Amino acid sequence: MDAVLKNETNAEQFVNTFRGDSTAQSALNASIVGRVREAALDPTTGFIRPEKIDAFLQNPALDALGVDLRATLQPLRDEAIRINDGLTELSARAR
């Protein structure tokens, strides 16, 4: 997956090789969502960092793959903001 997301050329090669292969497309989508989770999770706080989701979505290889994760990830991003705000408030109240 690292190689596919490395640049647009690699992403286009993946598309050309696996065009029409629903299994490969499903595996790709699952792998990308997993990468987003890894990138966005702050291991110290356990919070999802919405800015990391935003940064991941800037990868031009995603456009070359024809993957529109914005619609998929926007609810996750919005929920992360609400949860993070709630956890921050609870933490402040506990002090």
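Residues numbered from 1 in each chain as written. Predicted model: local features only at pLDDT ≥ 70, side-chain atom pairs only at ≥ 80, totals over all residues. Heavy atoms only, no water.

*Asks:* I tried to follow the pattern of salt bridges on my own but got confused; where do I start?
*Replies:* Pairing is possible between side chains that carry opposite charge, provided their charged atoms lie close to one another. Following the criterion strictly, the structure yields five salt bridges and no others. Of the charged contacts in the structure, one is a salt bridge between E51 and R49, with a shortest N-O distance of 2.8 Å. Judged by its relative accessible area of 42%, E51 is partly exposed. Since its relative accessible area comes to 31%, R49 is described here as partly exposed. Across the salt bridge formed by E89 and R93, the nearest N and O atoms sit 2.5 Å from each other. With E89 and R93 both in helix α6 (residues 70-94) and four residues apart, this pair spans about one turn of that helix. The class of E89 is partly exposed, set by a relative accessible area of 42%. Under the relative-accessibility criterion, R93 is labelled exposed at 63%. (Salt bridge = Lys/Arg side-chain N within 4 Å of Asp/Glu carboxyl O. Buried < 20%, exposed > 50% of the residue type's maximum accessible area, 1.4 Å probe, protein only. Helix = DSSP H or I, 4+ residues; strand = E, 2+ residues; numbered from the N terminus.)

*Asks:* Mind showing me how you'd approach the packing of helix α4 (residues 50-57) against α6 here?
*Replies:* Describing two packed helices takes the angle between their axes plus the distance from one axis to the other. Two elements in contact, α4 and α6, have axes separated by 9 Å at closest approach and are oriented at 160°. By the angle between their directions, the pair α4 and α6 is classed as roughly antiparallel. Where α4 crosses over α6, the handedness of that crossing is left-handed. Along its contact with α4, which presents P50, I53, D54 and L57, the element α6 presents R70, L73, L76, R77, A80, I81 and N84. Along the lines of polarity and charge, the residues of the contact of α4 with α6 split into seven nonpolar, one polar and three charged. (Axes fitted to C-alpha atoms, helices over the stretch in contact; angles between N-to-C directions. Parallel < 35°, antiparallel > 145°, perpendicular 65-115°, else oblique. Left-handed = near helix turned anticlockwise from the far one by under 90°. Contact = heavy atoms within 4.5 Å. Nonpolar A, V, L, I, M, F, W, Y, C, P; charged D, E, K, R; others polar.)

These figures come from the coordinates and say nothing about function on their own.
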